[in-house]
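# Notes for the structure review
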Amino acid sequence: MPRKLNDQQLQELKEWLQLHEVLYKNLHRDFSDGLPVVNLLKKLYPKLIDLHNYPPRNNTQLKLNNWETLNLKVLSKIGLQQSKQMLERLAKAIPGAIESLLYDIMMLEREQQQQRSGDHQIIGEQEKLWAENDEIMTVTVNKRVGDALIQVPQKMILYSLYEEAMKQCLAKDNYITAAQQKITHLENVIQLKVERIDELCGQLAKLSMPNTLPSNISERFRISSTTLKPEPPEVVSLVDS
């Protein structure tokens, strides 16, 4: 279901459309074939829009075809993919549908503008640091773009600074390599200790089991018991007495 905009959001959307010179008489009907949205997105994302794919439509099904094409080729790529039900609402000019989509497009544009503004600010601060650093200088170099040569600024530092940075990187790489070798050695030691512990636990388990006397001791005990078996008492005749 499309979101329902309040009066403040609707006024904000109206001003945004005016800012982008989007003209209309009836918002729902004029946008039902998707062309005003296509033209708007052409300004915002020119590489994604091919106007030949969106001819004017009068039939509802043909309008839906426009919306399906726009949804597949553009809206899905900018993170605003719409459901089949929403596309049908747009093609049928149902109130609330186009307002919801346009509001999402407006918010997406503002979010991207803020992101670009933040990126420019970071770049500007970096440029300022470079300008204040005497060890970094800007030179102009020729760069080939297609068949033409253009001049572009290039940041450069002293070779001694580059050499020092490379030495630091090499020292860190050696430290990391040594640490990895030590970790491998410790892992091998731990593995050996684990195997030894398992072996000792197995021996303890065997000794703690009942009737685990050695076989030769059991045999000797049986033989001794047989040998020491007492003889029956002597019978004394009492006839003569």
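A few words on the overall build of the chain. Looking only at helices and strands, the chain features 8 helices and 2 strands. Put simply, the chain runs from its N terminus to its C terminus through helices and strands in the order α-α-α-α-α-α-β-β-α-α. Within the chain, the fraction of its 241 residues that count as buried is 22%. As displayed, the chain offers around 19100 Å² of accessible surface, 56% of which is attributable to carbon and sulfur atoms.

Let's shift gears to unusual backbone geometry. Backbone geometry at Glu 21 places phi at a positive 60°, although glycine is not the residue there. Counting through the fold element by element, Glu 21 comes out in the loop between helix H1 (7-19) and helix H2 (27-30). Overall, the relative accessible area of 64% leaves Glu 21 in the exposed class. Within the chain, Ala 93 stands out as a residue other than glycine whose phi angle is a positive 60°. A relative accessible area of 25% means that Ala 93 is categorised as partly exposed.

The next point concerns the nonpolar core. If you look at the biggest cluster of nonpolar residues, it comprises 35 residues, and the most contacted ones within it are Val 37, Leu 41, Trp 67, Leu 70 and Leu 102. Among the secondary structure elements, those contributing two or more residues to this core are H1, helix H3 (35-44), helix H4 (60-73), helix H5 (84-91) and helix H6 (97-132). Considering every element that reaches this core, the biggest residue donor is H6, with 8 residues. What Val 37 contacts, discounting residues up to four positions off in sequence, is Phe 31, Trp 67, Leu 70, Ile 98, Leu 102 and Ile 105.

Rules behind the numbers
- Residues numbered from 1 in each chain as written.
- Predicted model: local features only at pLDDT ≥ 70, side-chain atom pairs only at ≥ 80, totals over all residues.
- Heavy atoms only, no water.
- Helix = DSSP H or I, 4+ residues; strand = E, 2+ residues; numbered from the N terminus.
- Buried < 20%, exposed > 50% of the residue type's maximum accessible area, 1.4 Å probe, protein only.
- Areas by Shrake-Rupley, 256 points an atom, 1.4 Å probe, with all protein chains shown as cover.
- Core = buried A, V, L, I, M, F, W, Y, C linked by side-chain atoms within 4.5 Å.
- Contact = heavy atoms within 4.5 Å.

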